[in-house]
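Survey of secondary and tertiary structure
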Amino acid sequence: MDGPITPQAAERRRPPVIQPGQTYATVTDKISSIVLVRPTTPGWLAGFLVSFALVMLLFYAIAYLLVAGVGIWGVNIPVGWGFAIVNFVWWIGIGHAGTLISAILLLLNQQWRTSINRFAEAMTLFAVACAGLFPLLHLGRPWFFYWLLPYPNAMGVWPQFRSPLVWDVFAVTTYFTVSLIFWFVGLIPDLATLRDRAKKRSSRILYGILAMGWRGSALHWHRYQTAYLLLAGLATPLVVSVHTVVSFDFAVGILPGWHSTIFPPYFVAGAIYSGFAMVLTLAIPLRAVYGLEGFITMRHLENMAKVMLATGWIVAYGYVMENFMAWYSGNTYEGFTAWNRIAGPYGPAYWALILCNVLLPQLLWLKRVRTSVPALFVLALVINVGMWLERFVIVITSLHRDFLPSSWGMYSPTRWDWATLFGSIGLFVALLFLFIRFLPMISIFEMRELVSESPAGD
Amino acid sequence: MNKAAAYLPGSEIQRVQSGAVWVGISGFSLCLLGAYWNRVQFFHSYLFAFLFWTGIALGCLAIMMLHHLTAGAWGMVIRRLLESGSKTLALMAFLFVPLIFGLRSIYSWTQPIQLPSQQLEYLNIPFFIARAALYFLIWLWIVYLLGRWSQEQERGEGSRLLRKMRLLSGPGLVLYGLTASFAAIDWIMSLEPHWYSTIFGLLVIGGQVLSAMAFVIVALVLLAARQPLVGIVQPRHFHDLGKLLLAFVMIWAYLAFSQLLIIWSGNLTEEIPWYLHRWQGGWLWIGILLIVFHFALPFFLLLSRDLKRSGKTLAILAMFLLLMRAMDLFWLVVPGFSPERFRIHWMDVAASIGVGGLWLAFFIWQLKKRSLLPVGDPQLPPALERTHE
């Protein structure tokens, strides 16, 4: 909340959001040259090829799934929800940090968001795209996906509006649409910069079309700012609503381990937690490879670490309350489910998740860790894994012990489950590679604004 | 140092304090009189009053730590109010003592009723008192340390102490979150011992923070219109406080709605009775009033920029929200004693006013001891700078 009200005197005490010595020209040159001047490097090519190979694996897994059906996955009664739902929740959670950074921090006037919002938004889009794949594939007959939508049809069949799975369809499609528009609108002035600076005719035409006739007149800027603020206002409730609806997928049912009132706030906090971990996972290599330390400063990394610490504690609070209530309630089923998570056949996954999500992140209390780039990178990876494990534990352990012991079962993922998971990671990374090659990964015009406002920039 | 003296509250505050003491004593005397005829009702009313005012004190503590962590200008103008508000926890620890003598009149688990064995391990009088003592110890310890450092700030070394306060506030908020949740479970949730809800602690915390914010806004607006604060608190400060008030209203509504939707849709015999108790016999109307006046109306009003920037209108709304907070707490607590049948007793009002009078007197006693603004804090001058908007 310090942005609008703490004047520059207080601002000067802190590490800068932009390194001293940057001017309008250096900002524009530095960021746009990554796209326009810098040749395609072997490193980029190698990275893209590896991730593209994984995309091919994903396509292969999907093709075989369409031919053979969901039986190729490890799901079976009693565990009818397997990797597909785990991955869906994981990916959609990762997207949340992008929206939080771009919308909420914008409304709160937090200037440090400027250099990370563009690629965080891109990350949101790609993560939601990966997330959307899984429920579609899990339908069994994905080509009938439109049955999920309410439309008057010859069969006279309507979706069950009381089912949170239907709310999910609306929540996720709205989320994707708003994120896409928000991202694109934010890009328009920068696309115009690229258009004006491009040397090749083909790039001029391409960026020219995308810039939608932007001329940078006062009127354009005025309308632009109004539109951008309105979109930020629209996107803000989505940070909370989407993962709340995802949590309802579980909590609205009556299964022990799923039916818990803490789920909505705890899922939202978990989403932001994993999202910020993913932003760090991406930001740290990007700033090293492209020399962006002047724009993505230690202050950004430290602030993100603090957000992770805070949201991590809300998640830990969720674990405490779930286990306490399972014990306190004296409810046999609740108690069994909690105990089975801790000491049952999937116990190691539970303890690994506690290690990754609760114990190791406590290192973030230390400033030394928050300002050490390698330590942050490792912790971000650990939290990514931890949040995936959390969803695994929630989905699988609640299902695999049915109310009747005769219906108990175990779930083990098949190679197709793994291929789809790693394939989706490949898709995500490949899209990011294309993004940093063809679009400015940091908002050029917002950084220029920062230069004009920061005392060090004059 | 003379700067600190310049911000000392005016003499008017003395009169308010004496008034509060008298209101407190008369409220208490009336209740004691009532207790003579109806001991059980006295304890029920007293519990409600205790929870309401403790909630404001705890909310002040939470917002204060949040402010130390985020260091916004909004917190500088209410810092002393938050400090004085959280120091009233010492009074509330003392006022907890009468409850100990009424536990058998309040909590059904003190009687031999059918309960799962785990609950008997948790809900028994010695453990209940020990836990309450632990909560108060933790809270008072945090309040003491932050208060001492804040006092030392006036003797220079502002930035070093700022760092100390920030370092304590992180773990302090974690401790507050856990202790306040378990206090909510002990003091409110266990009124209906068969019922449990994992979000309940957060819901009560959300209410405490909202109550404290509303109280602090009312107090700030009253003080800002008088010397020495005339012309110092600016519309932008009210604007930020108003935004936070809106955020807390939304958080409360979000948590309350989440709990309702999940329990309603599950419709399990373990859970739904809690809502059924609040669904019938007049309680439903309170619930509907809460939706309209605790959420919808303040939500739409607080969207207005003009309303937030004018201290007067913001204070009126905050006062109204404080009343709604009392109504919400009443709806959480009293159906535990009187399920499916709305009732309000004159002692509910008298006890709230009695405890409230003493609480306010204690609050003012703390407030008038020091300057109304944290003059030793290096963040104060930038927070009071006039900016062009």
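Residues numbered from 1 in each chain as written. Chains lettered and ligands numbered in written order. Predicted model: local features only at pLDDT ≥ 70, side-chain atom pairs only at ≥ 80, totals over all residues. Heavy atoms only, no water.

Okay, the overall build of chain A next. Counting secondary structure elements, chain A contains 16 helices and zero strands. Relative to the globule expectation of 23 Å for 458 residues, the C-alpha radius of gyration of chain A, 23 Å, shows essentially globular dimensions. Per-residue burial for chain A yields a buried fraction of 57% across its 458 residues. A fraction of 81% describes how many contacts in chain A between residues 6 or more apart in sequence connect residues 24 or more apart. Carbon and sulfur atoms form 71% of the exposed surface of chain A, whose accessible area is close to 18,900 Å². Across chain A, 29 positive and 19 negative side-chain charges occur, with their mean positions spaced 7 Å apart. (Helix = DSSP H or I, 4+ residues; strand = E, 2+ residues; numbered from the N terminus. Rg over C-alpha atoms; globule rule 2.2 N^0.38 Å. Buried < 20%, exposed > 50% of the residue type's maximum accessible area, 1.4 Å probe, protein only. Contact = heavy atoms within 4.5 Å. Areas by Shrake-Rupley, 256 points an atom, 1.4 Å probe, with all protein chains shown as cover. Lys, Arg positive; Asp, Glu negative; His and termini not counted. Charge placed at Lys NZ, Arg CZ, Asp CG, Glu CD.)

Moving on, we get to the interface of chain B and chain A. The accessible area lost on association of the parts is a frequent measure of interface size. Counting residues at the interface gives 48 residues for chain B and 36 residues for chain A. For the pair chain B and chain A, the summed buried area comes to about 3,700 Å², and 72% of that belongs to carbon and sulfur atoms. If you look at where chain B meets chain A, you find zero salt bridges. Viewed at the interface, chain A and chain B are joined by twelve residue pairs in polar contact (both at pLDDT 80 or more). Listing elements by their share of the side of chain B that touches chain A, those giving two or more residues are α4 (73-87), α6 (117-122), α8 (158-187), α9 (200-224) and α10 (235-266) of chain B. Ranked by the residues each element gives to the side of chain B that touches chain A, the list is headed by α10(B), at 13 residues. (Buried area = accessible area lost by both parts, 1.4 Å probe. Salt bridge = Lys/Arg side-chain N within 4 Å of Asp/Glu carboxyl O. Polar contact = N/O pair within 3.5 Å; in protein donor to acceptor, adjacent residues only side chain to side chain.)

Residues and elements named next belong to chain B. Volume-wise, the second largest pocket comes out at about 900 Å³. Along the walls of the second largest pocket sit 35 residues, with W53, F215, V218, M319 and L360 positioned nearest its centre. The element that contributes the greatest number of residues to the lining of the second largest pocket is helix α15 (residues 346-368), accounting for ten residues. Each residue belonging to the lining of the second largest pocket can be placed in one class, and the counts come to 27 nonpolar, five polar and three charged. (1 Å grid on protein atoms, 1.4 Å probe; cavity = no way out; pocket = protein on both sides within 12 Å on 5 of 7 lines; lining within 4 Å. Points joined across faces, edges and corners; volume = space filled by probe spheres on them. Nonpolar A, V, L, I, M, F, W, Y, C, P; charged D, E, K, R; others polar.)

It is worth spelling out the packing of helix α5 (residues 114-138) of chain A against helix α15 (residues 415-438) of chain A at this point. All names here are of chain A. In the contact formed by α5 and α15, the axes pass within 10 Å of each other and the chain directions differ by 150°. When the axes of α5 and α15 are compared, the pair comes out roughly antiparallel. Viewed along their axes, α5 and α15 form a crossing whose handedness is right-handed. Residues R118, F119, A122, M123, F126, A127, C130, L133, F134 and L137 of α5 form the contact with α15, whose participating residues are T420, S424, L427, F428, L431, L432 and F435. Considered class by class, the residues forming the contact of α5 with α15 number 14 nonpolar, two polar and one charged. (Axes fitted to C-alpha atoms, helices over the stretch in contact; angles between N-to-C directions. Parallel < 35°, antiparallel > 145°, perpendicular 65-115°, else oblique. Left-handed = near helix turned anticlockwise from the far one by under 90°.)

The next subject is unusual backbone geometry. In this model, A:I77 is joined to A:P78 through a cis peptide bond whose omega is 10°. Summarising the element assignment, A:P78 is placed in the loop between α3 (42-68) and α4 (83-107). You will see that B:N267, though not glycine, has its phi angle at about 50°, which is positive. The phi dihedral of B:E340 falls on the positive side, at around 60°, and the residue is not glycine. Within the secondary structure, B:E340 is located in the loop between α14 (311-333) and α15. Note on B:E340: relative accessible area 38%, which makes it partly exposed.

Taken as a whole and assessed by the stated rule, the structure comprises 83 aromatic pairs over all chains. Consider the rings of A:F144 and A:Y146, whose centres lie 6.5 Å apart with planes at 75°: the pair is edge-to-face. An angle of 75° between the planes, with centres 5.1 Å apart, marks the rings of B:F299 and B:F300 as edge-to-face. A residue is classified by how much of its surface remains accessible, and B:F300, at 56% relative accessible area, is exposed. A connected cluster of aromatic rings, assembled from ring pairs, spans A:W81, A:F250, A:W258, A:F263, A:Y266, A:F267 and A:Y319. If you follow B:R131 out to its NZ or CZ, it ends over the ring of B:Y122, 3.7 Å from the centre. Note that B:K369 overlies the ring of B:W365, its terminal NZ or CZ placed 4.6 Å from the centroid. (Phe/Tyr/Trp six-rings, centres within 6.5 Å; stacked < 30°, edge-to-face > 60°. Lys NZ or Arg CZ within 6 Å of the ring centre and 35° of its normal.)

Per-residue confidence for chain B averages 91 on the pLDDT scale, and 98% of its residues sit at or above 70. Here the prediction assigns the complex a pTM of 0.92, and the interface score ipTM is 0.94. (pLDDT = per-residue confidence, 0-100.)

This paragraph deals with the confidence of the model for chain A. Residue and element names in this part refer to chain A. Of the residues in chain A, 95% have a pLDDT of 70 or more, and the chain-wide mean is 88. Confidence, read as mean pLDDT per element, is least for helix α1 (residues 8-11) in chain A (43) and greatest for helix α12 (residues 347-359) (96). The model gives residues 1-12 a pLDDT under 50, and that stretch makes 26 contacts with residues more than four places away or in other chains.

On to the packing of helix α11 (residues 332-343) of chain A against helix α14 (residues 373-400) of chain A. Residue and element names in this part refer to chain A. Close contact between α11 and α14 brings their axes to 10 Å; oriented N to C, the two are set at 120°. Between α11 and α14, the angle is such that the two are oblique. In the crossing of α11 with α14, the sense of the turn from one axis to the other is right-handed. Residue-level contacts link T337, N340 and R341 of α11 to V393, I394, T397, S398 and H400 of α14. For the contact of α11 with α14, the residue count by class is two nonpolar, five polar and one charged.

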